[in-house]
Amino acid sequence: MYCDRCGEPAEGDHTPCRTARRMEPPRYCPHCRRRLIVQVTPTAWTAECSQHGPQEPAGQAP
């Protein structure tokens, strides 16, 4: 598994990544580390991996 913000392996301290992810969409697929296709609108975001499909916006603010 990989960090969906920096793309590095998920083990270790990713506190800055978790903090930034409150305001940003993911940038990397947590399964394969590929860059995501991300679209941001004023009220939401979508992110999709070419191999694993759409990413769920579980941490997205309303």
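Analysis parameters
Residues numbered from 1 in each chain as written. Predicted model: local features only at pLDDT ≥ 70, side-chain atom pairs only at ≥ 80, totals over all residues. Heavy atoms only, no water. UniProt positions renumbered as here; feature names shortened; annotations may be inferred. Salt bridge = Lys/Arg side-chain N within 4 Å of Asp/Glu carboxyl O. Helix = DSSP H or I, 4+ residues; strand = E, 2+ residues; numbered from the N terminus. Buried < 20%, exposed > 50% of the residue type's maximum accessible area, 1.4 Å probe, protein only. Pairing = 2+ DSSP bridges. Phe/Tyr/Trp six-rings, centres within 6.5 Å; stacked < 30°, edge-to-face > 60°. Lys NZ or Arg CZ within 6 Å of the ring centre and 35° of its normal.

The name an unreviewed UniProt entry gives the protein chain is Biotin synthase auxiliary protein, with Actinomadura citrea as the organism. The UniProt entry for the protein chain carries the following text under Cofactor (unreviewed entry): "iron-sulfur cluster".

Engineer: Help me understand the pattern of salt bridges, please; the structure alone is not making it clear to me.
Structural biologist: Working definition: two side chains of opposite charge can pair if their charged atoms are close together. All told, the structure shown has 3 salt bridges when counted by the stated rule. One salt bridge in this structure joins Glu24 and Arg5, with 3.2 Å as the shortest N-O distance. Pair noted here: Glu24 is in the loop between α1 (15-21) and β1 (37-40) and Arg5 is in the segment before α1, with a separation of 19 residues, a long-range link. For Arg5, a relative accessible area of 29% corresponds to the partly exposed category. Put simply, Glu8 and Arg33 hold a salt bridge, and the shortest N to O gap is 3.2 Å. Placement of Glu8 in the segment before α1 and of Arg33 in the loop between α1 and β1 is noted, with a sequence separation of 25 residues between them. For Arg33, a relative accessible area of 37% puts it in the partly exposed group.

Engineer: Which parts of the structure should I look at to understand the UniProt feature "domain: Biotin synthase auxiliary protein C-terminal" (unreviewed entry) in the protein chain?
Structural biologist: Under the present numbering, the feature "domain: Biotin synthase auxiliary protein C-terminal" (unreviewed entry) in UniProt falls on residues 36-55. Here residues 36-55 is 0% helix and 55% strand, with 9 Å between the C-alpha atoms at its ends.

Engineer: It is not clear to me how the sheet that holds strand β2 (residues 45-49) should be interpreted in this structure. Could you clarify?
Structural biologist: Neighbouring strands of a sheet are bound in pairs by backbone hydrogen bonds; such pairs are parallel or else antiparallel. If you trace the 3 strands from one edge of the open sheet to the other, you get β1-β2-β3, paired in antiparallel fashion. Because the sheet does not close on itself, it has two edges, and the strands there are β1 and β3 (53-54). Here 4 bridges tie β1 to β2, and the two strands are oriented antiparallel to one another. Each bridged residue has a counterpart across the sheet, and for Ile37 the counterpart in β2 is Glu48.

Engineer: Sorry if this is basic, but what is going on with the packing of aromatic side chains here?
Structural biologist: Each aromatic ring pair is described using two quantities: the centre-to-centre distance and the angle formed by the ring planes. Under the criterion given, the structure shown has 0 aromatic pairs. We note Arg35 situated over the ring of Tyr28; from NZ or CZ to the ring centre the distance is 5.0 Å.

Engineer: In this structure, what is going on with the pairing of β2? I would like to understand it.
Structural biologist: The side chains of a regular strand alternate between both faces of the sheet. Every second residue of β2 is oriented toward a common face, the buried set being Trp45, Ala47 and Cys49 and the non-buried set Thr46 and Glu48. Following β2, the chain reverses through 3 residues before pairing antiparallel with β3.

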